[in-house]
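Architecture at a glance
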Amino acid sequence: MKSQTSLYEISSLTSVMRIRDSKTSAVLKIQSRVLKTMTDILLAKGFQWVLPVILAKSTDPLWPDPGYSIEDRIEVEIYGTRVKTMQSMIVHKRILVSLGPEKIFILSPNIRIESRKRMTTGKHLYEFTQLDLEVAYAKMKDMFTLFEELVKESIEDVRREMHPELELLSRDLRIPTVPFKVYKRAELEKEYGEDWEEEISNISKDPVWVTDIPRQFYDFQDFETGEWRNYDLILPEGYGEVLSGAEREYEYEKILKKLERDGLRRDDYKLLLDLAEKKLLKPSAGAGIGVERFIRYICGLKHIGEVQPFPRIPGLVPEL
Ligand code: ASN
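This write-up is about the structure you can find in this document.

So, how was this worked out
- Residues numbered from 1 in each chain as written.
- Predicted model: local features only at pLDDT ≥ 70, side-chain atom pairs only at ≥ 80, totals over all residues.
- Heavy atoms only, no water.
- Helix = DSSP H or I, 4+ residues; strand = E, 2+ residues; numbered from the N terminus.
- Buried < 20%, exposed > 50% of the residue type's maximum accessible area, 1.4 Å probe, protein only.
- Contact = heavy atoms within 4.5 Å.
- Areas by Shrake-Rupley, 256 points an atom, 1.4 Å probe, with all protein chains shown as cover.
- Lys, Arg positive; Asp, Glu negative; His and termini not counted.
- Charge placed at Lys NZ, Arg CZ, Asp CG, Glu CD.
- Pairing = 2+ DSSP bridges.
- Phe/Tyr/Trp six-rings, centres within 6.5 Å; stacked < 30°, edge-to-face > 60°.
- Near = heavy atom within 4 Å.
- Polar contact = N/O pair within 3.5 Å; in protein donor to acceptor, adjacent residues only side chain to side chain.
- Expected span 1.5 Å × (residues − 1).

A few words now on the overall build of the protein. Along the backbone of the protein there are 10 helices and 13 strands. When its C-alpha atoms are laid out on the principal axes, the protein stretches across 55 × 45 × 40 Å. When each of the 320 residues of the protein is scored for burial, the buried share is 51%. Look at the contacts in the protein between residues 6 or more apart in sequence, and 76% of them connect residues 24 or more apart. In the form shown here, the protein has an accessible surface area of approximately 15,500 Å², with 52% of it arising from carbon and sulfur atoms. In the protein, which carries 49 positive and 54 negative side-chain charges, the distance between the mean positions of the two groups comes to 1 Å.

In structure tokens:
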């Protein structure tokens, strides 16, 4: 079980002097290595590396989702038009793989003003980066295999090449066995109650997949059985969720119905709806892995803010 970080530990994290620590430099070296491994694998598989968008009329609603606790949503006016800061590039990803290259990834900065109550959880940030990808016509199973390779190869590489850094961090990092186990959310909820994520994370030795989680409209739901074809990847040792993704909705009527069900404005998803109506929105699957969460796990860090030279910890606005 991961214990909460104390306020004293948090305040030392926000000092820029921490950047001089050998620990910070080991973490950044490991992060560079992991990003290289993952992007090399994707490029070798024919993915196109797309650069991120930050301001847009349309972004991820992050609603409804049991996992989010958003305190504020940022909107600014530019050129007389209201835009939001990016919560995830889901809408952009879908449109890109429908009209352009069919396999894409982005190192995407996301701004999510998490509740300040999450300051000490050790796994929340109000600015983070996800390695976000999408593949036209892909299925859930394809995504499992792809991310199992990305996760395993990254860990193997760090184990092989970054001995001194792991030693400095006192991290005994285990190479996971693939394929990872797959659970249904309902079976975990039945066994462990509402804290299933924490429980399964605490008792697992390797990452596990959890599927069928009711959430945002863009994840595919079988309207006959009610089943959601989406998934989270949960890290072991109490580190919790690191990735979420899904097969996607692409039919106009279904998207419309779900937007209404969730109380969302059609106008915010106009382009997505237009493409779906013209049958140009391709079925796809994708996911985003939280870079800082993954590095926190690899390095065995207590608080995710330790991954960032300029930590974005909920409730705290540092000088830099
Ligand atoms: N990146 C996620 C996905 O592909 C969405 C998210 O971050 N909320 O499903």
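Moving on from the coordinates now.
Attention now moves to the sheet that holds strand E2 (residues 55-56). The 3 strands lie next to each other as E2-E5-E4, forming an open sheet whose pairing is antiparallel. In this open sheet, the two edge strands, each paired with only one partner strand, are E2 and strand E4 (75-78). Looking at chain direction, E4 and strand E5 (residues 81-85) are connected through 4 bridges and run antiparallel. Along E5, the bridge assignment pairs glutamate 75 with lysine 84.

On inspection of all chains with the given rule, the structure shows 8 aromatic pairs. Where phenylalanine 217 meets tyrosine 218, the ring centres are 5.6 Å apart and the plane angle is 75°; that geometry is what we call edge-to-face. Judged by relative accessible area, which is 9%, tyrosine 218 ranks as buried. Aromatic pair phenylalanine 217 and tyrosine 269: ring centres 5.0 Å apart, planes at 65°, arrangement edge-to-face. Of the two residues, phenylalanine 217 is situated in the loop between strand E10 (208-211) and strand E11 (230-235) and tyrosine 269 in the loop between helix H8 (252-261) and helix H9 (270-277); the sequence distance between them amounts to 52 residues. Here phenylalanine 217 matches tyrosine 269 in class, with each residue buried.

Bringing the site of the ligand into the picture now. As a structural note, the neighbourhood of the ligand is formed by 14 residues, with Asp60, Lys93, Gln130, Asp132 and Arg248 the closest of them. Between the ligand and the protein, one listed contact pairs a nitrogen atom with a side-chain N or O atom of aspartate 60 at 2.9 Å. Burial of the ligand by the surrounding chains reaches 97%, relative to a free accessible area of 270 Å². Breaking the shell around the ligand down by element, the ones donating at least two residues are strand E8 (127-136), strand E12 (240-247) and strand E13 (284-290).

Here helix H2 (residues 22-44) spans 33 Å end to end across 23 residues, near enough to the 33 Å set by a 1.5 Å rise per residue. For H2, the secondary structure elements touched by its buried residues are strand E1 (48-49), strand E6 (103-111), E8, helix H4 (140-161), helix H5 (163-168) and helix H10 (291-299). Count one or two residues on from H2 and you reach glycine 46, which has phi positive near 90°.

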